[in-house]
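# Coordinate inspection notes
This is what each chain is made of:
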Amino acid sequence: MKLVHYWLPGQGGAWGVADAEGALRQVGTDAGSGGAFLAALLQWPDPIAVLRSAAAAGSEGPSLDMLQDAPPDPHRPHLLAPLDLQEVWAAGVTYLRSKIARMEESEGAARFYDLIYDADRPELFFKGTASRVSGPGAPVRIREDARWNVPEPEVALLLTPAMRIVGYTVCNDVSSRDIEGENPLYLPQAKVYRQCCGLGPVILLEEEPRDHREFEVRLDITRGGSVAFEGKTSTSQMKRTFADLAGWLGKDNVFAQGAFLSTGTGLVPGDEFTLQAGDRVDITVEGVGTLSNPVVQG
């Protein structure tokens, strides 16, 4: 079962549940929930059971295929980023490839990335709120004051206020590698800015949470109609489990509306590659879907 956030002309944002065939049943609206449908859902002890009941009584919505094929346009139904009041956080250096890349890019601080990979405490950082997050088809941004920008394809966890994993989506943790590499204290500027994060296309719900799940993650970047970069990895290559990362995020912290936690990347383009305005980034997580975003700058 997949939870879908989408736009309906004349109505605004709506939420629906899609079955395995992509048939959609509407279960709520942004207007009817004061823009907090997902936040309210996550308060329930069993959000998935609540959705099943709502879907049984809900009205038929547009098909998931139709929404995925539609670019953002207020006059047409289309997908939205699947969040409302949640913060988005992210983890770093959770794959060996990420550790190596961070050490290569860093000017004098490589040892810190080496240490964090083997430490008990993970690297966790704030990524954004809904105002900084782009949904499917909407642009992600590369900073004007950076010369080395990359996408970071990741699996993001949907967490309840109790830090229980209830679902998964795709995240593009766009990063300015030269800014972070110049000084680790510049991390917030390298990570947090307008349109710095892509999220979607849907949330894959899980009734029986597991400590970890194996997902294949694929990254495709096209430029001028040609492939500029492609690669794939698997969450089986992660140093840490999903449950471990969620547990650390919840220590001495409160997420009353729930949260998204992006779990790090194992796909890092080489040092010679940087995103350019006009590129398109496609990130596919097996079983969840493909998040596609054009790249803008300036």
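Anything mentioned here points back to the structure above.
The structure displayed is predicted, hence computed values, not measured ones.

### Section: the overall build of the chain
Summing up its helical and strand segments, the chain has eight helices and 18 strands in all. By the compact-globule yardstick of 19 Å for 298 residues, the chain fits well, its C-alpha radius of gyration being 18 Å. The dimensions of the chain, computed from C-alpha atoms along their principal axes, are 60 × 45 × 30 Å. For the chain, with 298 residues in total, the buried portion stands at 55%. Restricting the contact set of the chain to residue pairs at least 6 apart, pairs at least 24 apart contribute 72%.

### Notes on the nonpolar core
Core analysis: the biggest nonpolar cluster contains 72 residues, and L3, V4 and L38 have the highest contact counts within it. It is strand β13 (residues 197-205) that contributes the most residues to this core, six residues altogether. Dropping the residues within four chain positions of it, L3 is found in contact with W15, G16, V17, F37, L38, L41, L51, V202, I203 and L205.

### Looking at the side chain of R177
By secondary structure assignment, the location of R177 is in helix α6 (residues 177-182). Take R177: its relative accessible area is 1%, and that puts it in the buried class.

### So, the pairing of strand β16 (residues 259-262)
Of the two faces of β16, the one lined by A259 and L261 and the one lined by F260 and S262 are each fully buried. Examined bridge by bridge, strand β5 (residues 87-92) and β16 share four bridges and lie parallel to one another. By the bridge assignment for β16, W89 is matched with L261. Relative to β16, strand β10 (residues 153-159) is paired through four bridges, and the arrangement is antiparallel. The partner of L157 across the bridge, within β16, is L261.

### Structural notes on the sheet that holds strand β17 (residues 280-285)
Ordered by their spatial adjacency, five strands build an open sheet running β8-β18-β17-β14-β15, and the pairing between neighbours is mixed. Each of the sheet's edge strands pairs with one partner strand only, and the pair in question is β8 (140-141) and β15 (226-234).

### Remarks on the environment of S134
Along the chain, S134 turns up in strand β7 (residues 133-134). Between the alpha carbons of S134 and L85 there is a distance of 14 Å; along the sequence they are 49 residues apart. If we ignore the near neighbours within four places in the chain, the residues touching S134 are A81, P139, V140, Q195, C197, G198, L199 and N293.

About the criteria used
Residues numbered from 1 in each chain as written. Predicted model: local features only at pLDDT ≥ 70, side-chain atom pairs only at ≥ 80, totals over all residues. Heavy atoms only, no water. Helix = DSSP H or I, 4+ residues; strand = E, 2+ residues; numbered from the N terminus. Rg over C-alpha atoms; globule rule 2.2 N^0.38 Å. Buried < 20%, exposed > 50% of the residue type's maximum accessible area, 1.4 Å probe, protein only. Contact = heavy atoms within 4.5 Å. Core = buried A, V, L, I, M, F, W, Y, C linked by side-chain atoms within 4.5 Å. Pairing = 2+ DSSP bridges.

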